[in-house]
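What follows is each chain in one-letter form.
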Amino acid sequence: VQLQACGGGLVQARDSLRLSCAASGRSFSSYAMAWFRQAPGKEREFVAAISSSGDNKAYADSVKGRFTISRDNAKNTVYLQMNSLKPEDTAVYYCAADRGWWSTRYRQGSSYDYWGEGTLVTVSS
């Protein structure tokens, strides 16, 4: 499985941005998906996760109420809608795929089998 994230860019605080992650292969609909991010000088952190069907979703406390994860299995794509962006959201955002439908360890990067190259989001104040 190859993952390709896109949609990053430079925005101002309180703006919105939507990230997309397109997956290759025929098994996308059976994979749980997630977004992680890594800010300069910081460790990678969990942002949001979604089960293979889309029925289960989870968010980091720092983005809850502002970010929404969704997926379109017909298009092999997962999205991250980011609203009310803050300068502290500045980071490289990565999408990841778990071959299982959902994991209780969704916050842990080690739960994921495939990673895409990141897309940079920069939020200016």
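Residues numbered from 1 in each chain as written. Predicted model: local features only at pLDDT ≥ 70, side-chain atom pairs only at ≥ 80, totals over all residues. Heavy atoms only, no water.

> Which residues make up the sheet that holds strand S3 (residues 17–23), and what are the values?
Reading across the sheet, the four strands line up as S1-S3-S8-S7 and stay open at both edges, with antiparallel pairing between neighbours. Each of the sheet's edge strands pairs with one partner strand only, and the pair in question is strand S1 (3–6) and strand S7 (67–72). Averaged over all pairs of adjacent strands, the angle between strand axes in this sheet comes to 15°, irrespective of strand direction. As paired elements, S1 and S3 share four bridges and run antiparallel to each other. (Pairing = 2+ DSSP bridges. Helix = DSSP H or I, 4+ residues; strand = E, 2+ residues; numbered from the N terminus. Axes fitted to C-alpha atoms, helices over the stretch in contact; angles between N-to-C directions.)

> Explain the side chain of Ser111 residue by residue, including any values.
Position of Ser111 relative to the elements: it lies in the loop between strand S9 (91–98) and strand S10 (114–115). Residue Ser111 is classed as buried on the basis of its relative accessible area of 7%. Beyond its immediate chain neighbours, meaning those up to four positions away, Ser111 contacts Asp98, Ser103 and Arg105. (Buried < 20%, exposed > 50% of the residue type's maximum accessible area, 1.4 Å probe, protein only. Contact = heavy atoms within 4.5 Å.)

> Quick rundown of the state of the cysteines? Include the residues and the values.
Going through the model one piece at a time under the given rule, you end up with one disulfide. The partner cysteine of Cys21 in its disulfide is Cys95, sulfur to sulfur 2.0 Å. Taking the sign of the torsion about the S-S bond as the criterion, the disulfide between Cys21 and Cys95, at about 60°, is right-handed. With a gap of 74 residues between them, Cys21 in strand S3 and Cys95 in strand S9 connect regions that are remote in the sequence. Residue class for Cys21 comes out buried when judged on its relative accessible area of 0%. No disulfide involves Cys6; its nearest neighbouring cysteine sulfur is the one of Cys21, lying 8.4 Å away. Among the residues examined, Cys6 registers a relative accessible area of 41% and is labelled partly exposed. (Disulfide = S-S within 2.5 Å.)

> Any details on empty space enclosed by the protein? Residues and values, ideally.
For the structure on display, the rule yields one cavity of 30 Å³ or more. In this structure, the largest cavity occupies an estimated 30 Å³ of space. Put simply, the parts of the chain that give the lining of the largest cavity at least two residues each are strand S4 (32–38) and strand S5 (45–50). For the lining of the largest cavity, the class distribution of residues is seven nonpolar, one polar and one charged. (1 Å grid on protein atoms, 1.4 Å probe; cavity = no way out; pocket = protein on both sides within 12 Å on 5 of 7 lines; lining within 4 Å. Points joined across faces, edges and corners; volume = space filled by probe spheres on them. Nonpolar A, V, L, I, M, F, W, Y, C, P; charged D, E, K, R; others polar.)

> Explain the pattern of salt bridges to me, and be specific about the residues and the numbers.
Oppositely charged side chains can pair when the atoms bearing their charge come close. Evaluated as defined, the whole model comprises five salt bridges. Across the pair Asp89 and Arg37 runs a salt bridge whose closest N-O atoms are separated by 2.9 Å. You can see Asp89 sitting in the loop between strand S8 (77–82) and S9 and its partner Arg37 sitting in strand S4, a full 52 residues away along the chain. Take Asp89 and Arg37: they sit in the same class, and that class is buried. The closest approach of N and O atoms between Asp89 and Arg66, which form a salt bridge, is 2.8 Å. Note that Asp89 is positioned in the loop between S8 and S9 and Arg66 in the loop between strand S6 (57–59) and S7, a separation of 23 residues in sequence. (Salt bridge = Lys/Arg side-chain N within 4 Å of Asp/Glu carboxyl O.)

> Tell me about the packing of aromatic side chains, and please be specific about residues and values.
For the structure on display, the rule yields seven aromatic pairs. Lying over the aromatic face of Phe36, Arg44 brings its terminal NZ or CZ to 5.6 Å of the ring centre. The ring of Phe28 carries the charged tip of Arg71 above its face, separated from the ring centre by 4.5 Å. (Phe/Tyr/Trp six-rings, centres within 6.5 Å; stacked < 30°, edge-to-face > 60°. Lys NZ or Arg CZ within 6 Å of the ring centre and 35° of its normal.)

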